[in-house]
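Inside the fold
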Amino acid sequence: MTGDGTGSRMHTGGANPMPVDEAALRSLVAKAVAADAEAWEHLYRRSYPRLFAYARRRLSSDTAADDAVSETMLRALDRISGFTWQGAGFDAWLYGILRNVVLEAYRTDGRVTPTGTLPEQLDNGATGPLDTLVRRDDHDQVRAAFRCLSSDDQEVLELRVVAGLSADGVAEATGRGAGAVRMAQSRAIQRLRGHYEGLGRAD
Amino acid sequence: MPTDDELLDQLAGALTPPDREPPVDRVSALRIAAEQRATTAGGAGAGGGAGAVPLSSRRSARAGRRRGRTGRIAAIAVGVAAVAGAFVLGGGLFRDADDPSPDDLLAGGTIEFETTLQAPDGDAKAQATGILTGIGRTVQLRTDDLAILPKGEFYELWFVGPDDSPRTPNRISAGTFHPDDDGRSFVDLTAAVDPALYPELSVTAEPGDGDPRATGTEVLRADIELLDS
């Protein structure tokens, strides 16, 4: 992670976006291109937590999010023959598909406010009651600040920080330029900080 | 106050989801779709060919946009749940080597006809393959020539019988569909229709008016010539 928050980062804890290394992922994708069912199941299980979380934060229910992820994987199966490693990678490609699926859901159902238990409201990685409380204290403020951000700011931060995509990856997934993504991320961080500090003063 | 990196680390910790398993039926649906792709495509690429392996999952996955995204996934889930249920009843999801695979249960069809539908007044064409299976008749329709319709409208495939007319219709719908974002209409549709009794295929563009009858414009048509069995 670079000082301006625009470098590549890999967060640990919770669902790991890359449980296999690059070579293993390439091997897995090569098998997926050949319609290997085992490879597709592996890719689904590997990608599911974060794809679900992205969809769940934008859609109305767990079922809607599951639908979106399933649709994403089926489209990926349809289009895998056109995937190349010249882009920002397989994860960016998948998120690009998911993003379109979510946007289509918006067009069909209208943009909705997610209800129920969102992914980040779970006790992420807590090892006991005290740990849970500490984590909640640590995370509640930044989570509240994040919710104050615009959907665009939230998306760029989520794709970079949670999905673990590079700036190029976010650019590919969102159809923007990498430079614009870096600029958007920098501004989103500043706005996040503003809300975070504001919430801290309110306490 | 935390640095930017510390703030982002906090954000990552707050937002990163816990490990979570996908629903079993969704995984199974993807596996079946992949297996069917491997069987039908044989390396033929996206969309597959016209092999006689009409899996319900693939049909569901390709079914028309009229049902919507949720309906499509739900249909896959239902189809997979049905297959999984068969295995559960037969002794569990993890079948023995001698048990039939989902492919075995859903495949094994016989091609009844292959035809090319053509536009009455244009260049548009579509390839259609009719398959008799143990669960009904499936039509695999393949075309890149149909225009993407306005929202709410859709295409509908019909088996057309003798003396069909708007006033006295004699046709049975095989289902509705819509081209994908790339303009491809690669759909597998099912109808309980004997093509010997309904020997023409027609594709109409329907206005989405809620009327189950064919009220739209015919865009493709073909006679069905049954293959020798």
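Residues numbered from 1 in each chain as written. Chains lettered and ligands numbered in written order. Predicted model: local features only at pLDDT ≥ 70, side-chain atom pairs only at ≥ 80, totals over all residues. Heavy atoms only, no water.

1. Some words on the overall build of chain A
Looking only at helices and strands, chain A has eight helices and zero strands in total. Listed by position from the N terminus, the elements making up chain A come as α-α-α-α-α-α-α-α. Counting the 203 residues in chain A, one finds 51% classified as buried. Contacts in chain A between residues far apart in sequence, at least 24 positions, make up 68% of those at least 6 positions apart. When the accessible area of chain A is evaluated, it comes to approximately 8,700 Å², of which 49% is carbon and sulfur surface. (Helix = DSSP H or I, 4+ residues; strand = E, 2+ residues; numbered from the N terminus. Buried < 20%, exposed > 50% of the residue type's maximum accessible area, 1.4 Å probe, protein only. Contact = heavy atoms within 4.5 Å. Areas by Shrake-Rupley, 256 points an atom, 1.4 Å probe, with all protein chains shown as cover.)

2. Digging into the overall build of chain B
Along chain B, the regular secondary structure elements total five helices and eight strands. Ordered by position from N to C terminus, the α and β elements of chain B give α-α-α-α-α-β-β-β-β-β-β-β-β. By residue count, 50% of the 229 residues in chain B fall in the buried class. Expressed as a percentage of contacts within chain B between residues at least 6 apart in sequence, the contacts between residues at least 24 apart total 56%. Of the roughly 10,600 Å² of accessible surface on chain B, a fraction of 51% belongs to carbon and sulfur atoms.

3. Re the pairing of strand β7 (residues 200–206) of chain B
All names here are of chain B. Within β7, six of the seven residues are buried, which leaves it mostly tucked inside the rest of the structure. Taken together, the seven bridges between strand β4 (residues 154–160) and β7 define a ladder with antiparallel strand orientation. Pairing of Phe154 across the sheet is with Glu206, part of β7. Examined bridge by bridge, β7 and strand β8 (residues 217–223) share six bridges and lie antiparallel to one another. Opposite Thr204, over in β8, you have Glu218 as the bridge partner. (Pairing = 2+ DSSP bridges.)

4. Some points on the confidence of the model for chain A
All names here are of chain A. Within chain A, residue pLDDT values average 78, and 72% of them lie at 70 or more. When the elements of chain A are averaged for pLDDT, helix α5 (residues 129–148) gives the smallest value, 73, and helix α2 (residues 37–56) the largest, 91. For the stretch residues 1–19, pLDDT sits under 50, and the model shows 59 contacts to residues farther than four places along the chain or on other chains. (pLDDT = per-residue confidence, 0-100.)

5. Description of the pattern of salt bridges
Side chains that differ in sign of charge can pair as their charged atoms come close. This model, assessed by the stated rule, comprises 25 salt bridges over all chains. The salt bridge partner of A:Glu71 is A:Arg75, with a shortest N-O separation of 2.8 Å. Taken together, the positions of A:Glu71 and A:Arg75, both in helix α3 (residues 62–79) and four residues apart, correspond to about one turn of that helix. Put simply, B:Arg37 and A:Asp78 hold a salt bridge, and the shortest N to O gap is 2.8 Å. Taken together, the positions of B:Arg37 in helix α2 (residues 24–41) and A:Asp78 in helix α3 put the pair across two chains. Relative accessible area serves as the criterion here: at 12%, A:Asp78 is assigned to the buried category. Salt bridges here are not isolated pairs; linked through shared partners, they connect A:Glu38, A:Glu41, A:Arg45, B:Glu21, B:Arg31 and B:Glu35. (Salt bridge = Lys/Arg side-chain N within 4 Å of Asp/Glu carboxyl O.)

6. Quick notes on the environment of B:Thr115
Residues and elements named next belong to chain B. By the secondary structure assignment, Thr115 is in strand β1 (residues 110–118). Residue classification places Thr115 among the buried residues on the basis of a relative accessible area of 12%. Sequence separation between Thr115 and Ile224 is 109 residues; the distance between their C-alpha atoms is 6.5 Å. Those residues in contact with Thr115 that sit more than four places away from it in its chain are Ala126, Gln127, Ala128, Leu201, Ala222 and Asp223. Separated by 3.1 Å, the side chain of Thr115 and the backbone oxygen of Asp223 make a polar contact. (Polar contact = N/O pair within 3.5 Å; in protein donor to acceptor, adjacent residues only side chain to side chain.)

7. Some thoughts on the nonpolar core
Counting 67 residues, the largest nonpolar core has A:Trp40, A:Phe90, A:Leu157 and A:Leu192 as its most contacted members. Structurally, this core is a two-domain feature, drawing no fewer than three residues from each of domain 1 (22–109) and domain 2 (120–202) of chain A. With 26 residues, the next largest nonpolar core counts B:Phe113, B:Leu141, B:Leu201 and B:Ile224 among its residues. (Core = buried A, V, L, I, M, F, W, Y, C linked by side-chain atoms within 4.5 Å. Domains from an automatic or database assignment.)

8. Overview of the packing of aromatic side chains
Here the structure, examined in full by the defined rule, presents seven aromatic pairs over all chains. Arranged with centres 5.6 Å apart and planes meeting at 40°, the rings of A:Phe90 and A:Trp93 form a pair that is tilted. With A:Phe90 and A:Trp93 both in helix α4 (residues 90–109), this residue pair falls three residues apart, about one helical turn. An identical accessibility class is assigned to A:Phe90 and A:Trp93; each is buried. Feature note: the residues A:Tyr44, A:Tyr48 and A:Phe52 constitute an aromatic cluster, connected by ring pairs. One Lys or Arg, B:Arg171, reaches over the ring of B:Trp158 and ends 5.4 Å from the middle of that ring. For the cation-ring pair, B:Arg184 lies above B:Phe186, with the distance from its terminal atom to the ring centre recorded as 4.9 Å. (Phe/Tyr/Trp six-rings, centres within 6.5 Å; stacked < 30°, edge-to-face > 60°. Lys NZ or Arg CZ within 6 Å of the ring centre and 35° of its normal.)

9. A few points about unusual backbone geometry
Phi angles above zero are rare outside glycine, and A:Ala35 is one such case at about 60°. With respect to the secondary-structure elements, A:Ala35 resides in the loop between α1 (22–33) and α2. Note on A:Ala35: relative accessible area 8%, which makes it buried. Phi at B:Asp163 is positive, roughly 60°, even though this residue is not glycine.

10. What to know about α1(A)
Residue and element names in this part refer to chain A. Between its terminal C-alpha atoms α1 stretches 16 Å, which fits the 16 Å expected from twelve residues at 1.5 Å a residue. Looking only at α1, the buried set comprises Leu25, Leu28, Val29 and Ala32. Viewed end-on, α1 has its buried residues packed into an arc of 100°, placing them on one side of the element. (Expected span 1.5 Å × (residues − 1). Arc of directions from axis to C-beta.)

11. Thoughts on the packing of helix α6 (residues 151–162) of chain A against helix α1 (residues 4–15) of chain B
Where α6(A) contacts α1(B), the axes come no closer than 10 Å and their chain directions differ by 85°. On the basis of the axis angle, α6(A) is roughly perpendicular to α1(B). In this structure, α6(A) contributes A:Leu157, A:Val161 and A:Val162 to the contact, and α1(B) contributes B:Leu8, B:Leu11, B:Ala12 and B:Leu15. Partitioned by chemical class, the residues of the contact of α6(A) with α1(B) number seven nonpolar, no polar and no charged. (Axes fitted to C-alpha atoms, helices over the stretch in contact; angles between N-to-C directions. Parallel < 35°, antiparallel > 145°, perpendicular 65-115°, else oblique. Nonpolar A, V, L, I, M, F, W, Y, C, P; charged D, E, K, R; others polar.)

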